[in-house]
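# Structural description and commentary
Okay, here's what each chain looks like letter by letter:
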Amino acid sequence: MAVWVGSVPGARSQGNWTVFNPSAGQFQVEMPLPPTASQVQDASPVGTVTTYIFTAKEGDGSFSVSYSDLPALAIQFVGAEGLMGQAKASLLRDQQNVREISFDPATINGLSGKRLVYATTSNGVQRTGEAFFMLNGSRLYVLDVSVPTGSEALAQKFFQSFRLNN
């Protein structure tokens, strides 16, 4: 697994939040500050899959968008539901003290996918996590927010700002 981390250009301020619009990502979203970029490469039976991750952390909140361009063979054999389920399992595996609450079909801004709600505790702070998984062609997007319980309005602001630039 290879990892790259760096700063991300291409953001402009809008109020206290930043509109982030990476041309290669083909999306735009508002974040509380410009995100940090990283890449992860994973070997799979159908080839190496590179995931591009953009994360903004402010205070106790964490906001991220990631995307992976998947081989057509993976989509054919595993299907959209299976791929989103695998992404969900990976996201939960990376958390500590996590409890899945729900994983249901959802729509955000006309985009269909699956919504995960989870609870976790870190440093004694109860947190609410919410993620949205969506397959657009061969690209899997994962939006993930973790905020202290009671701050869910910040998560909704993040999700409602997400748009594809197709």
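Just so it is clear, the structure is predicted and the values come from calculations on it, not from any experiment.

### Some details on the pattern of salt bridges
Under the defined criterion, the tally for this structure stands at four salt bridges. Of the charged contacts, one joins Asp 69 and Arg 139 as a salt bridge, the two residues approaching to 2.7 Å between their closest N and O atoms. In this pair, Asp 69 is assigned in strand β7 (residues 61-69) and Arg 139 in strand β11 (residues 139-148), connecting sequence segments 70 residues apart. We note a salt bridge from Glu 130 to Arg 115, for which the minimum N-O separation is 2.8 Å. Residue Glu 130 is located in strand β10 (residues 125-136), and its partner Arg 115 is located in strand β9 (residues 111-122); the two are separated by 15 residues in the primary sequence. The exposure class of Glu 130 is buried, given its relative accessible area of 9%. Overall, the relative accessible area of 35% leaves Arg 115 in the partly exposed class.

### With respect to the pairing of β7
In terms of burial, β7 is largely enclosed, as eight of its nine residues are buried. Across eight bridges, strand β6 (residues 47-58) lies against β7 in antiparallel orientation. Directly across from Glu 58, in β7, lies its bridge partner Gly 61. Connecting β6 to the next strand, β7, in antiparallel fashion are two residues, including Gly 59 with a positive phi near 60°. Where β7 and β11 come together, eight bridges link them in antiparallel fashion. Across the sheet, residue Asp 69 finds its bridge partner in β11, namely Arg 139.

### Quick word on the nonpolar core
Among the nonpolar cores identified, the biggest contains 25 residues, and Phe 27, Phe 158 and Phe 162 are the most heavily contacted of them. Looking at this core, the elements that each hand over two or more residues are β3 (17-20), β4 (27-31), β6, β7, β8 (98-108), β10, β11 and α2 (152-161). The element that contributes the greatest number of residues to this core is β11, accounting for four residues. With residues up to four places along the chain from it excluded, the contact list for Phe 27 reads Phe 20, Asn 21, Pro 22, Phe 54, Val 65, Tyr 67, Tyr 141, Phe 162, Arg 163, Leu 164 and Asn 165.

### Some thoughts on helix α1 (residues 72-93)
Between its first and last C-alpha atoms α1 spans 25 Å; for 22 residues at 1.5 Å apiece the expected length is 32 Å, and the helix comes up short by more than 12%. At Gly 79, α1 shows its maximal kink, close to 95°. Three or more residues of α1 are buried, namely Ala 74, Gly 79, Leu 83, Met 84, Ala 87, Lys 88, Leu 91 and Leu 92. Those residues of α1 that are buried lie in contact with β8, β9, β10 and β11.

### A short note on the packing of aromatic side chains
By the definition in use, this model includes 14 aromatic pairs. Note on Phe 27 and Tyr 67: the rings are 6.4 Å apart at their centroids and 70° apart in plane angle, and the pair reads as edge-to-face. Here Phe 27, found in strand β4, pairs with Tyr 67, found in strand β7; they are 40 residues apart in sequence, far enough to count as distant. For the pair Phe 27 and Tyr 67, a shared accessibility class is recorded, and that class is buried. Ring centres of Phe 54 and Tyr 67 lie 6.3 Å apart, and the angle between their planes is 25°; on these two criteria the pair is classed as stacked. Within this pair, whereas Phe 54 is found in strand β6, its partner Tyr 67 is found in strand β7, the two being separated by 13 residues in sequence. Phe 54 sits in the buried class, given a relative accessible area of 8%. Classification of Tyr 67 as buried rests on a relative accessible area of 4%. Through pairs of rings, three or more aromatic residues link up here, namely Phe 20, Phe 27, Tyr 52, Phe 54, Tyr 67, Tyr 141 and Phe 162.

Cut-off values and rules
Counting from 1, residues in each chain are numbered in the order their sequence is written. Selection of residues for local features in this predicted model requires a pLDDT of at least 70, selection of side-chain atom pairs for listing and counting requires 80 or more, and totals for whole chains, interfaces and linings are taken over all residues. Excluded from the side-chain calculation are hydrogens and water; included are all heavy atoms of the structure. By convention in these notes, a salt bridge is any Lys or Arg side-chain nitrogen within 4 Å of a carboxyl oxygen on Asp or Glu. Here a strand is any run of E in DSSP of at least two residues, a helix any run of H or I of at least four, and the numbering for each starts at the N terminus. The rule is simple: take the accessible area with a 1.4 Å probe, protein chains only, and divide by the maximum for that residue type; under 20% is buried, over 50% is exposed, in between is partly exposed. In this scheme, strands are said to pair when DSSP sees at least two bridges between them. In these notes, a set of buried Ala, Val, Leu, Ile, Met, Phe, Trp, Tyr and Cys residues joined through side-chain atoms within 4.5 Å is what counts as a nonpolar core. Here, two residues are considered to be in contact whenever any of their heavy atoms come within 4.5 Å of each other. Take the residue count of a helix, subtract one, and multiply by 1.5 Å to get its expected span. In this analysis the local bend is the angle between axes fitted, respectively, to the seven residues ending at and the seven residues starting at the residue. Only rings of Phe, Tyr and Trp enter the pairing, Trp through its six-membered ring, and a pair is recorded when the two centres are within 6.5 Å. The plane angle decides the type: under 30 degrees is stacked, over 60 is edge-to-face, the rest tilted.

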